[in-house]
2 protein chains.
Amino acid sequence: MDAIDLDGATPLYRQVADVLESRIAAGTYPPGRRVPSSRNLADEFGVSRRTVVAALEILHEKGLVHGVVGRGTFVVETDD
Amino acid sequence: MDAIDLDGATPLYRQVADVLESRIAAGTYPPGRRVPSSRNLADEFGVSRRTVVAALEILHEKGLVHGVVGRGTFVVETDD
DNA sequence: TTCGATTTGTTCGTATGTATA
DNA sequence: CTATACATACGAACAAATCGA
């Protein structure tokens, strides 16, 4: 269920980032396609939108996703 | 270079406030214009964002700056 | 072309918990 | 016990870009 542990030692934004990274690896969010909006993800995980944005920043640094203002955040297409 | 002295007796947030006040006085941050974001300043000085916010609170109490949510912190225009 | 809704990204201000001296 | 400092987290607000009616 990809639950978020509020009482855990690891920060929420890292937990969210881990879940999203798992979904990308599993193909739940396929390459080239858009991931749910930050608002949507915030609702799903029960965290603030700013926390989701922080999680997406991590994935962006890892080169996993690419955000486009006005359109959404997309899974980067890799050649592996 | 406006260095911050970690080993100094004066608190970090006061040191940061002093540097920012100097820059305002010097015109580095001119009246009516925006000062760098708290995140930016935190990176520059190597302190937490919360410490920069504390510094800006001092300048706000002195009537030197004025923060606007979602836009930034601006140098107050004086009539001297 | 104009308008409104949606989305990303950024900003301030605030609160909480933890650690340190 | 108090002051300082940090990391985390939230809420509200704003800008710019995009898209469709």
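This report concerns the structure included in the present document. (Residues numbered from 1 in each chain as written. Chains lettered and ligands numbered in written order. Predicted model: local features only at pLDDT ≥ 70, side-chain atom pairs only at ≥ 80, totals over all residues. Heavy atoms only, no water.)

### A few points about the nonpolar core
Ranked by internal contacts, the top residues of the largest apolar core, which has 19 residues, are L20, Y29 and F45 of chain A. Not counting the four nearest positions on each side in its chain, Y29 of chain A is found in contact with L20, R23, I24, V35, P36, L41 and V75 of chain A. Of all hydrophobic cores here, the second largest spans 18 residues; its members include V19, I24, Y29 and V52 of chain B. (Core = buried A, V, L, I, M, F, W, Y, C linked by side-chain atoms within 4.5 Å. Buried < 20%, exposed > 50% of the residue type's maximum accessible area, 1.4 Å probe, protein only. Contact = heavy atoms within 4.5 Å.)

### Overview of the protein's contact with DNA strand C
Of all residues adjacent to DNA strand C, which total 23 residues, the nearest are S38 and R49 of chain A together with S38, R49 and G70 of chain B. A breakdown of the atoms of DNA strand C within 4 Å of the protein gives sugar and phosphate a share of 50%. R49 of chain B places a polar side-chain atom, nitrogen or oxygen, 2.9 Å from a base oxygen of DNA strand C. Contact between DNA strand C and G70 of chain B: a base oxygen at 3.0 Å from a main-chain N or O atom of the residue. Where the surface near DNA strand C is concerned, the elements lending two or more residues are α2 (38-45), α3 (49-61), β1 (65-68) and β2 (72-75) of chain A together with α3 (49-61), β2 (65-68) and β3 (72-75) of chain B. For the surface near DNA strand C, the residue count by class is 6 nonpolar, 12 polar and 5 charged. (Near = heavy atom within 4 Å. Polar contact = N/O pair within 3.5 Å; in protein donor to acceptor, adjacent residues only side chain to side chain. Helix = DSSP H or I, 4+ residues; strand = E, 2+ residues; numbered from the N terminus. Nonpolar A, V, L, I, M, F, W, Y, C, P; charged D, E, K, R; others polar.)

### With respect to the pairing of β2 of chain B
Residue and element names in this part refer to chain B. Here β2 runs beside β3; their pairing, made up of 4 bridges, is antiparallel. Looking at β3, one finds that V68 is bridged to G72. The antiparallel hairpin formed by β2 and β3 contains 3 residues in its connecting segment, where G70 sits at a positive phi of about 85°. (Pairing = 2+ DSSP bridges.)

### Some words on the protein's contact with DNA strand D
Around DNA strand D there are 20 residues in total, and L12 and T51 of chain A together with L12, Y13 and T51 of chain B lie nearest to it. Within 4 Å of the protein, the atoms of DNA strand D are drawn from sugar and phosphate moieties in a proportion of 81%. Y13 of chain A places a side-chain nitrogen or oxygen 3.1 Å from a phosphate oxygen of DNA strand D. Within the contact set of DNA strand D, a phosphate oxygen lies 2.3 Å away from a backbone nitrogen or oxygen of L12 of chain B. For the surface near DNA strand D, the secondary-structure elements that each account for two or more residues are α1 (12-26) and α3 of chain A together with α1 (12-26) and α3 of chain B. Across the surface near DNA strand D, the residue classes break down as 10 nonpolar, 6 polar and 4 charged.

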